[in-house]
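Spelled out, the chains give:
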Amino acid sequence: MEKKPIYRSYSNHNYRNIKQIEKLSNADLEAIDVVGSVLPFKTNNYVVDELINWDDIPNDPIYTLNFPRKAMLEDGYYDTMAALLKKGASRAELQTTANEIRLKLNPHPAGQMMNIPEIDGVTLSGAQHKYRETMLFFPSQGQTCHAYCTFCFRWPQFVGMNELKFAMKETDILISYLKQHREVTDVLFTGGDPMIMKTKILKAYLEPLLDEELWNVQTIRIGTKALGYWPYRFTHDDDADELIELFEMLVSKGKNVSIMAHFNHPVELSTEGVKKAIKRIRSTGAQIRTQSPLLKNINDDPKLWAEMWRKQVNLNCIPYYMFVERDTGSKNFFELPLLDAWEIFREAYKNVSGICRTVRGPSMSATPGKVQMLGVSEVKGEKVFVLRFLQGRNPDWTGRPFFAKYDPEATWLNDLKPAFGEEQFFYEQEMHAMIGDYEETLQE
Ligand SMILES: *Cc1c(COP(=O)(O)O)cnc(C)c1O
Ligand code: SF4
């Protein structure tokens with residue numbers, strides 16, 4: 001009999017028990033202690049034993065994806081934290097300073113205030129309805145992950161309330177909202193990682209969507225990194241079989257089940273564990289679509305993206321999005337100019353067959369919508385960026401191309417200026433009217 005993999009997580013407190021840790025230099029260890037006391041740090045035995053190449057530390061991409069490195073924190077903050085640790089500061093003191101730094105790093109102190117749906121005067125705080133057809137739902141018990149990505153800014157909010165009852169109450173409100181909003185065809189469960197939940201809990205969220213009266217809900221999407229961080233969730237965990245039956249049941253009742261799998265690097269597609277998990281999910285009739293941000297120091301290489309898309313297709317997954325990452329505490333460490341992002345995308349896209357070209361990108365999830373950088377062009381002697389909406393806050397913006405001044409340094413939509421001497425981009429006036437200036441200030 002094959003040995004059953006048991007999940008073991010590592011964070012600041014116990015990472016020194018990892019046996020490969022002897023490969024780290026003192027400087028690497030110090031960086032984990034210092035940066036890891038500000039940015040969330042968590043990894044696990046699958047990542048450590050099967051994904052990281054410990055002979056390539058600290059530059060190994062998966063090491064970089066999970067382990068804090070010195071360059072992830074600005075020198076000033078680093079030195080402050082390092083000094084506190086060195087002098088043996090109290091837990092409280094460390095906590096206070098870490099929180100101060102976090103606040104300064106956080107680009108959206110009160111972000112995502114808009115698009116929170118309301119039903120009969122009750123706000124559905126764990127949901128977001130930004131694009132007409134798709135409702136985003138954050139189950140309160142899926143707000144953590146099997147490991148934490150160093151680039152991620154969804155500072156894991158641990159929710160104390162772990163009762164089944166609570167899940168059902170949230171779902172009740174969601175269901176009433178969906179009955180009053182027939183334009184919604186897709187419900188997208190996201191987190192954290194919803195696959196962190198036990199099947200029993202997940203079922204409490206998903207089963208009610210089978211209500212015959214919810215004829216508008218055709219697609220159930222689950223955004224997850226579990227295939228990359230803990231594929232045994234789908235094959236070996238105690239309730240893995242039950243999970244597979246749940247997917248089968250949803251499919252048999254006529255729902256399209258799409259696992260939105262987050263893969264950052266081809267090595268995540270190379271283990272026996274992930275291959276078996278993908279096969280098992282696909283055997284239920286559920287689809288797997290893949291997405292990843294483009295990250296300097298992890299995957300800023302077109303060859304690697306081409307390999308990733310080919311491997312995904314080979315394993316029966318559908319490449320979906322390449323994102324431009326901006327929501328990150330370690331911005332400087334991971335950020336790339338839009339121009340470079342486009343060049344990497346195009347170089348990879350050029351080198352794969354049409355079957356892989358279901359992928360769209362590089363895409364920015366910005367205030368007005370998902371904006372794709374289509375490339376560089378020249379119109380009447382002016383060099384411009386060509387962009388278009390993949391998703392618009394106003395659905396009518398979707399698919400509309402527009403032009404910005406060429407700017408090789410710009411890393412985000414609001415660094416860009418309209419081309420041809422225009423005052424504003426075509427959507428701006430309407431967007432201000434829609435959201436007011438409030439949220440925009442938050443997103444700058
Ligand atoms: C990306 C995204 C969706 C889903 O958009 P699709 O293009 O249909 O995948 C829904 N809501 C929000 C807020 C998003 O960012
Ligand atoms: S798995 Fe997703 S939510 Fe979790 S840390 Fe990584 S990017 Fe963030």
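Above this text sits the structure in question.
Residues numbered from 1 in each chain as written. Chains lettered and ligands numbered in written order. Predicted model: local features only at pLDDT ≥ 70, side-chain atom pairs only at ≥ 80, totals over all residues. Heavy atoms only, no water.

Describing the site of ligand 2
Next, step 1: The local shell around ligand 2 consists of Cys145, Tyr148, Cys149, Phe151, Cys152, Gly192, Lys225 and His262.
Next, step 2: Per-class residue counts for the shell around ligand 2 are 5 nonpolar, 2 polar and 1 charged. (Near = heavy atom within 4 Å. Nonpolar A, V, L, I, M, F, W, Y, C, P; charged D, E, K, R; others polar.)

A word on the pattern of salt bridges
Next, step 1: Considering all chains together, one arrives at 16 salt bridges under this definition.
Next, step 2: The partner of Arg16 in a salt bridge is Asp33, with the nearest N and O atoms 2.7 Å apart. With a gap of 17 residues between them, Arg16 in the loop between strand 1 (9-10) and helix 1 (26-35) and Asp33 in helix 1 connect regions that are remote in the sequence.
Next, step 3: Residue Arg400 pairs with Asp396 through a salt bridge whose shortest N-O separation is 3.6 Å.
Next, step 4: Exposure remark for Arg400: the relative accessible area of 34% places this residue in the partly exposed category.
Next, step 5: Looking at Asp396, the relative accessible area reads 53%, which means it is exposed.
Next, step 6: Overlapping salt bridges bring together Lys179, Asp211 and Glu213 as one network. (Salt bridge = Lys/Arg side-chain N within 4 Å of Asp/Glu carboxyl O. Helix = DSSP H or I, 4+ residues; strand = E, 2+ residues; numbered from the N terminus. Buried < 20%, exposed > 50% of the residue type's maximum accessible area, 1.4 Å probe, protein only.)

Let's talk about the packing of helix 1 against helix 4 (residues 75-86)
Next, step 1: Helix 4 packs onto helix 1 with a crossing angle of 95° between their chain directions and a minimal axis gap of 9 Å. As the angle between them shows, helix 1 and helix 4 are arranged roughly perpendicular. The residues of helix 4 that touch helix 1, namely those facing Glu30, Ala31, Asp33, Val34 and Val35, are Tyr78, Met81, Ala82, Leu85 and Lys86.
Next, step 2: Per-class residue counts for the contact of helix 1 with helix 4 are 7 nonpolar, no polar and 3 charged. (Axes fitted to C-alpha atoms, helices over the stretch in contact; angles between N-to-C directions. Parallel < 35°, antiparallel > 145°, perpendicular 65-115°, else oblique. Contact = heavy atoms within 4.5 Å.)

Comments concerning the packing of aromatic side chains
Next, step 1: Scanning the entire structure with this criterion turns up 31 aromatic pairs.
Next, step 2: Ring geometry for Phe137 against Tyr205: centres 5.8 Å apart, planes inclined by 65°, an arrangement best described as edge-to-face. With Phe137 in strand 6 (residues 134-137) and Tyr205 in helix 7 (residues 199-206), this residue pair connects regions lying 68 residues apart in the sequence. As far as the burial class goes, Phe137 and Tyr205 line up, both buried.
Next, step 3: Between Phe385 and Tyr406, the ring centres sit 5.5 Å apart and the planes meet at 75°, which makes this aromatic pair edge-to-face. Residue Phe385 is located in strand 14 (residues 382-392), and its partner Tyr406 is located in the loop between strand 15 (401-405) and helix 14 (428-443); the two are separated by 21 residues in the primary sequence.
Next, step 4: Of the residues examined, Phe385 reaches a relative accessible area of 0% and is grouped as buried.
Next, step 5: A relative accessible area of 29% places Tyr406 in the partly exposed class.
Next, step 6: An aromatic cluster of at least three residues, connected via ring pairs, comprises Phe389, Trp397, Phe402, Phe425, Phe426 and Tyr427.
Next, step 7: Over the ring of Tyr406 we find Lys383, and its NZ or CZ is 4.1 Å from the ring centre. (Phe/Tyr/Trp six-rings, centres within 6.5 Å; stacked < 30°, edge-to-face > 60°. Lys NZ or Arg CZ within 6 Å of the ring centre and 35° of its normal.)

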